[in-house]
Amino acid sequence: MIKTSYEFDQSILPAGSSLKTNILLRFRADIAESPRRNLNLSLVIDRSGSMAGAPLHHALKAAESVVDQLEPDDILSVVVYDDEVDSVVPPQAVTNKSALKNSIRKVRAGGITNLSGGWLKGCEHVKTRLDPQKINRVLLLTDGHANMGIQDPKVLTATSGQKAEEGITTTTLGFAQGFNEDLLIGMARAATGNFYFIQSIDEATEVFSIELDSLRAVVGQNLKVTLELADGVSLVDTLSLAKVSQNDAGQAVLTLGELYEGEDKLLGLSLLISSAQVGDLPVMKLHYSADVVQNDLIQSVSGIVDVVAKVGTVEEAAFASTSHIILELSRLTIAKAKETGLNLAEHGKHQEAEQILRALVKDLRDKGLNENFEIAEEIDQLEYFAGRIAQKALGNAGRKEMRDQTYQTMTRNRSDLVGRGVTTGDEVYAMPIVNQVGSGVELYCVREGGKLRVKVVSESYDSTKNVQFPRAIRAEGARYVVEGLELSSDATFYRVRGNITRFAQPGEADIFVAPKQSNFTNTGKASKGPASAADLPTADSVGDSILVQCVKDGSKLRARVVSDGYEPDWNMRFPRSVREEGMLYVVDEVKTAPDGKSYIACGEIKRFVQPTTN
């Protein structure tokens, strides 16, 4: 069965007219002891040119870690894709882990991104072993935009929803900064799967593990909630991510996806009540249904909950204790504000977006919620994003962080997924620098579970406590000196007091003097090659350069750009002496030729050598 509960943001609502209130509903599969469900899993990994080097290396290591965590009764397939789609591991039981990992290690970077082809092949593999008693899932990882095959986000999103109706759920994983977050989040939402933003390439294994933990914990699927609102009650907003539709009676139907063992599925709603009299006020009937594990089988369960609010006089409401769920509702409200602010900014309404975020910061502080560390961290995030939006400088990284933070908070109830963000704040480069700590306190910024945290280095302070610190000047590895620290009211974290400067250790190189720039000088001169490809220098990373691949085009060998952001079918002026079919090259610069429909390789050319996973 499913346990349900609900709480309003005020334990007693004030009597009167036109009352707006928020409610938090909880759903949890009530299972005494849930056996682990077997998996039917397909890993679909982007091996296109933009993944060359460290990104693909870490993605393959993460895939190997998945193999290590599977059981013999699990089914695994592995698909890799660039412009071609290859099944390096066809669907099979995980009985020979060594052989599976050896197959994964042989993968090398290739050409352009046929995301749809790779994903659909993964869906096909899962379908061949489809079992309603198993978790049937495709994990799609990419670092770029689809530039071959089906590229229309609307088609891919709709197809993801259709596959979910067939029993195949998709989880998407965006790698680094080049992927289309709207597409990946859209596909995950349509399929009621999960989405992850792998911001730092070396955390791929950690994120894969989070998803595997989630899959093992799935005890219910297809949770749907229908709202039968009482007369005089209307739905203002949904504070949780859900697919919202209407039934024939015009009632809102919310699809919330999966239930996880030991984790509440939260549904936040903002309601408007036209009038409320003292006493018990019927607000709605809640109809829910889900497919839940019972007696080792998946069975459909359903139920109805009467939601009733307690209404008192204005004085009674004022003196009544605020509900303890205010923190959880605040997290959902913050996520909704980020979503709204981002949408406004992208429609050119930057000032309005900034005002919404800053108004929420003031409201949170007025309520004293900044005495909770996680809310204090969210306040720093809101101020950071408000400042970036006001300057029209949110950028690609900031947009991805906002979308990810919104998605995770409104979808899952896991502290290790919310508030993630490791992008260095640009303001760190402009900070005043000191070379001695003196009478101040030394702090250090580290990355923990996808988050930038600030810790105390100086003695006489508790180094295990976090420090509330401006998000705009956080940078992994940076050291700071502050005038002092003060404990929060509950003594669980520190706050910075006084001025903040950046600390540069005497005699050590300062890595935050200025943003790293490419050493390449743009000459505009066409590349020249040696006698053969064997004479080229080698590189095992792409960096700020551009990846090119040699492909067979009829009887000719052509050079094509495979890095994202270029036309994949344009010809290129490229030294013939070094052309070898299938070879990858790293080129300093690629210019558009005078004809406007081809490229010219410029600067030094290196032969790309994929680093091994061992």
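Our structure's up above, just so we're on the same page.
Please read these numbers as outputs of a predicted model, since none were measured by experiment.

Quick look at unusual backbone geometry now. Even without a glycine there, the phi angle at Lys392 is positive, about 55 degrees. Mapped onto the secondary structure, Lys392 falls in the loop between helix 10 (373-390) and helix 11 (395-411). Given the relative accessible area of 65%, Lys392 is considered exposed. Despite not being glycine, Ala491 has its phi angle at roughly 60 degrees, a positive value. By the secondary structure assignment, Ala491 is in the loop between strand 21 (479-487) and strand 22 (494-503). Taking the relative accessible area as the measure of exposure, Ala491 reaches 36% and is therefore partly exposed.

Another point: the pairing of strand 8 (residues 169-175). Here strand 8 lies mainly inside the structure; seven of its seven residues are buried. In strand 8, alternate side chains face the same way, and those of Thr169, Thr171, Leu173 and Phe175 on one face and Thr170, Thr172 and Gly174 on the other are all buried. Bridge count between strand 7 (residues 135-142) and strand 8: six bridges; the pairing is parallel. Looking at the pairing, Val138 lines up with Thr170 of strand 8.

What follows deals with the pattern of salt bridges. Scanning all chains against the criterion turns up 44 salt bridges. Of the charged contacts, one joins Arg28 and Asp264 as a salt bridge, the two residues approaching to 2.6 Å between their closest N and O atoms. Taken together, the residues Arg28 in strand 3 (residues 16-29) and Asp264 in the loop between strand 13 (252-260) and strand 14 (265-276) connect sequence positions 236 residues apart. The partner of Arg558 in a salt bridge is Asp553, and the shortest N-O contact between them spans 3.5 Å. Residue classification places Asp553 among the partly exposed residues on the basis of a relative accessible area of 36%. Each of Glu181, Asp182, Glu346, Arg399, Lys400 and Arg403 takes part in one network of salt bridges that share partners.

On to the nonpolar core, then. Within the largest apolar cluster, 48 residues are counted, with the highest numbers of intra-cluster contacts made by Leu41, Leu43, Ile45, Leu76, Leu141, Leu173 and Leu547. When neighbours within four sequence positions are excluded, Ile45 is seen to be in contact with Leu56, Ala59, Leu60, Ala63, Val79, Val80, Tyr81 and Leu141. Residues Ile2, Leu223, Val307 and Val311 belong to the second largest nonpolar core, which totals 35 residues.

Here we take up helix 11. Given a rise of 1.5 Å per residue, 17 residues ought to cover 24 Å, and the 24 Å separating the end C-alpha atoms of helix 11 matches this to within 8%. For helix 11, a buried count of 15 out of 17 residues is recorded, marking the element as mostly surrounded by other parts of the structure.

Our focus in this paragraph is the pairing of strand 13. A large share of strand 13 lies buried, amounting to nine of its nine residues. Strand direction decides the pairing type here: strand 10 (residues 218-229) and strand 13, joined by seven bridges, are antiparallel. Within strand 13, the residue paired with Val225 across the bridge is Leu254. With four bridges connecting them, strand 12 (residues 243-246) and strand 13 associate as antiparallel partners. In the strand pairing of strand 13, Gln246 is matched with Ala252.

Looking now at the side chain of Asn194. Positionally, Asn194 belongs in the loop between helix 5 (181-190) and strand 9 (195-198). The class for Asn194 is buried, based on a relative accessible area of 4%. Beyond its immediate stretch of four places on either side in the chain, Asn194 contacts Arg137, Thr170, Thr171, Thr172, Ala188, Glu211, Ser214, Tyr260, Tyr407 and Arg412.

Once that is clear, we can look at the environment of Asn40. Topologically, Asn40 is positioned in strand 4 (residues 39-46). Along the sequence, Asn40 and Lys127 sit 87 residues apart, while their C-alpha atoms lie 9.1 Å from each other. Excluding residues that lie within four positions of it along the chain, Asn40 makes contacts with Ile75, Val126, Arg129, Leu130, Lys134, Ile135, Asn136 and Arg137. Within the local environment of Asn40, its side chain forms a polar contact with the backbone oxygen of Arg129, the two atoms lying 3.1 Å apart.

Where two aromatic rings form a pair, the distance of their centres and the angle of their planes describe that pair. Throughout the structure, instances matching the rule amount to twelve aromatic pairs. Between Phe179 and Phe195, the ring centres sit 6.3 Å apart and the planes meet at 55 degrees, which makes this aromatic pair tilted. Here the residue Phe179 occupies a position in the loop between strand 8 and helix 5, and Phe195 occupies one in strand 9, the gap between them amounting to 16 residues. Each member of the pair, Phe179 as well as Phe195, is classed as buried. Both rings, one in Tyr461 and one in Tyr494, keep their centres 5.7 Å apart while their planes meet at 80 degrees; by these two values the pair is edge-to-face. With Tyr461 in the loop between strand 19 (451-456) and strand 20 (467-468) and Tyr494 in strand 22, this pair connects stretches of sequence that are 33 residues apart. When its relative accessible area of 28% is taken as the criterion, Tyr461 is described as partly exposed. When its relative accessible area of 7% is taken as the criterion, Tyr494 is described as buried. Grouped by ring-pair contacts, the aromatic residues Phe179, Phe195, Phe197 and Tyr407 constitute a single cluster. The aromatic ring of Phe179 is capped on one face by Lys400, whose charged end is 4.7 Å from the ring centroid.

Once that is clear, we can look at the packing of helix 3 (residues 115-128) against helix 4 (residues 153-165). For the pair helix 3 and helix 4, interaxial distance at closest approach is 12 Å and the crossing angle is 0 degrees. Looking at the two axes, helix 3 sits roughly parallel to helix 4. Note on element contacts: helix 4 touches helix 3 through Leu156, Thr159, Ser160 and Lys163, opposite Leu115, Ser116, Trp119, Leu120 and Cys123. For the contact of helix 3 with helix 4, a count of residues per class yields five nonpolar, three polar and one charged.

Turning to the sheet that holds strand 5 (residues 75-81), a few remarks are in order. Strand order in the open sheet formed by six strands is 6-5-4-7-8-9, with mixed pairing between adjacent strands. Single-partner strands in this sheet number two, and they are strand 6 (85-93) and strand 9. Taking the axes of each pair of neighbouring strands and ignoring which way they run, one obtains an average angle of 15 degrees across the sheet. Pairing of strand 4 with strand 7 involves seven bridges; the strand directions are parallel. If you follow Leu43 over to strand 7, its bridge partner there is Leu139. In the packing of helix 1 (residues 54-69) onto the sheet, contacts are made with strand 4, strand 5, strand 7 and strand 8, and the angle to strand 4 comes to roughly 170 degrees.

Within the open sheet, the six strands sit side by side as 2-16-15-10-13-12. Their pairing is mixed. The strands lining the two open edges of the sheet, one partner per strand, are strand 2 (13-14) and strand 12. Pairing geometry for strand 15 (residues 279-294) and strand 16 (residues 297-312), over 15 bridges, is antiparallel. Note that in strand 16 the partner of Tyr288 across the bridge is Gly303.

So, how was this worked out
- Residues numbered from 1 in each chain as written.
- Predicted model: local features only at pLDDT ≥ 70, side-chain atom pairs only at ≥ 80, totals over all residues.
- Heavy atoms only, no water.
- Helix = DSSP H or I, 4+ residues; strand = E, 2+ residues; numbered from the N terminus.
- Buried < 20%, exposed > 50% of the residue type's maximum accessible area, 1.4 Å probe, protein only.
- Pairing = 2+ DSSP bridges.
- Salt bridge = Lys/Arg side-chain N within 4 Å of Asp/Glu carboxyl O.
- Core = buried A, V, L, I, M, F, W, Y, C linked by side-chain atoms within 4.5 Å.
- Contact = heavy atoms within 4.5 Å.
- Expected span 1.5 Å × (residues − 1).
- Polar contact = N/O pair within 3.5 Å; in protein donor to acceptor, adjacent residues only side chain to side chain.
- Phe/Tyr/Trp six-rings, centres within 6.5 Å; stacked < 30°, edge-to-face > 60°.
- Lys NZ or Arg CZ within 6 Å of the ring centre and 35° of its normal.
- Axes fitted to C-alpha atoms, helices over the stretch in contact; angles between N-to-C directions.
- Parallel < 35°, antiparallel > 145°, perpendicular 65-115°, else oblique.
- Nonpolar A, V, L, I, M, F, W, Y, C, P; charged D, E, K, R; others polar.

None of the figures reported here should be taken as evidence of function without further support.
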